[in-house]
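Notes for the structure review
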Amino acid sequence: MKSKSNRFWAALLAGILLLCAAAIFYISTRGPKGPVAVIYSGGQEVRRIDLGAVTEDETFVLTGFGGLSNTVEVSEGKIRVCEADCPDQVCVMQGWLEDDIIPIACLPSGLVIQMENAPDNGVDRAVG
């Protein structure tokens, strides 16, 4: 009788361990593969792009305040504004966004692109 009881508990423990391993695998594989670029227009989130999952370069146009447009280019691990209708072109001059230190912003059109889950690049950040 004792051996049946031991087999039952061993099988139960093996089943629990198998379920835990499956849950850990599921949780670890369903999130983003890399940094995520979050794009806002007029203060509203319009798109999220998992930059770690990008396999082909992509370009698209966003139209903001006053009909001003920004051409956004996406590549593996990075994003930038490559063309803009705004007069100062600050958003274009910012170049590729690859970390979460300074977002890309085009104030005339109301465009902001910021990074989430960016890799740590060793820059100290203020805490507060």
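For the structure itself, consult the block above.
Taken as a whole and judged by the stated rule, the model has four salt bridges. In this structure, Arg-48 and Glu-45 form a salt bridge, with 2.8 Å as the shortest nitrogen-oxygen distance. Take Arg-48: its relative accessible area is 44%, and that puts it in the partly exposed class. Judged by its relative accessible area of 40%, Glu-45 falls in the partly exposed class. Of the charged contacts in the structure, one is a salt bridge between Glu-116 and Arg-48, with a shortest N-O distance of 2.9 Å. Of this pair, Glu-116 sits in strand E7 (residues 111-116) while Arg-48 sits in strand E2 (residues 44-50), and the two are 68 residues apart along the sequence.

Our next topic: the nonpolar core. Formed by 20 residues in total, the largest nonpolar core has its most connected members in Ile-39, Ile-49, Leu-51, Val-74, Ile-79 and Ile-113. Elements with a contribution of two residues or more to this core: strand E1 (36-41), strand E3 (58-63), strand E4 (69-75), strand E5 (78-84), strand E6 (104-106) and E7. Beyond its immediate chain neighbours, meaning those up to four positions away, Ile-79 contacts Ala-37, Ile-39, Ile-49, Leu-51, Val-72, Glu-73, Val-74, Gly-95, Trp-96, Leu-97, Ile-104 and Ile-113.

Across six bridges, the pairing between E3 and E4 is antiparallel. Note on E4: the bridge partner recorded for Thr-59 is Glu-73. The turn joining E3 and E4, which pair antiparallel and follow one another in sequence, is formed by five residues; a positive phi near 60° is taken by Gly-66.

Okay, the sheet that holds E2 next. The antiparallel open sheet is built from four strands, whose spatial order is E2-E1-E7-E6. A strand with exactly one partner marks an edge of an open sheet, and here the two such strands are E2 and E6. Here the average twist between neighbouring strands, direction ignored, is 20°. When E1 meets E2, the two strands line up antiparallel, connected through six bridges. Residue Ile-39 lies in a different strand from E2, and its bridge partner there is Arg-47.

A few words on the sheet that holds E4. Strand order in the open sheet formed by three strands is E3-E4-E5, with antiparallel pairing between adjacent strands. Looking at the sheet topology across the chains shown, the edges are occupied by E3 and E5. Strand-to-strand twist across the sheet, computed as the mean angle between neighbouring axes with direction ignored, equals 30°.

What counts, and where the lines are drawn
- Residues numbered from 1 in each chain as written.
- Predicted model: local features only at pLDDT ≥ 70, side-chain atom pairs only at ≥ 80, totals over all residues.
- Heavy atoms only, no water.
- Salt bridge = Lys/Arg side-chain N within 4 Å of Asp/Glu carboxyl O.
- Buried < 20%, exposed > 50% of the residue type's maximum accessible area, 1.4 Å probe, protein only.
- Helix = DSSP H or I, 4+ residues; strand = E, 2+ residues; numbered from the N terminus.
- Core = buried A, V, L, I, M, F, W, Y, C linked by side-chain atoms within 4.5 Å.
- Contact = heavy atoms within 4.5 Å.
- Pairing = 2+ DSSP bridges.
- Axes fitted to C-alpha atoms, helices over the stretch in contact; angles between N-to-C directions.

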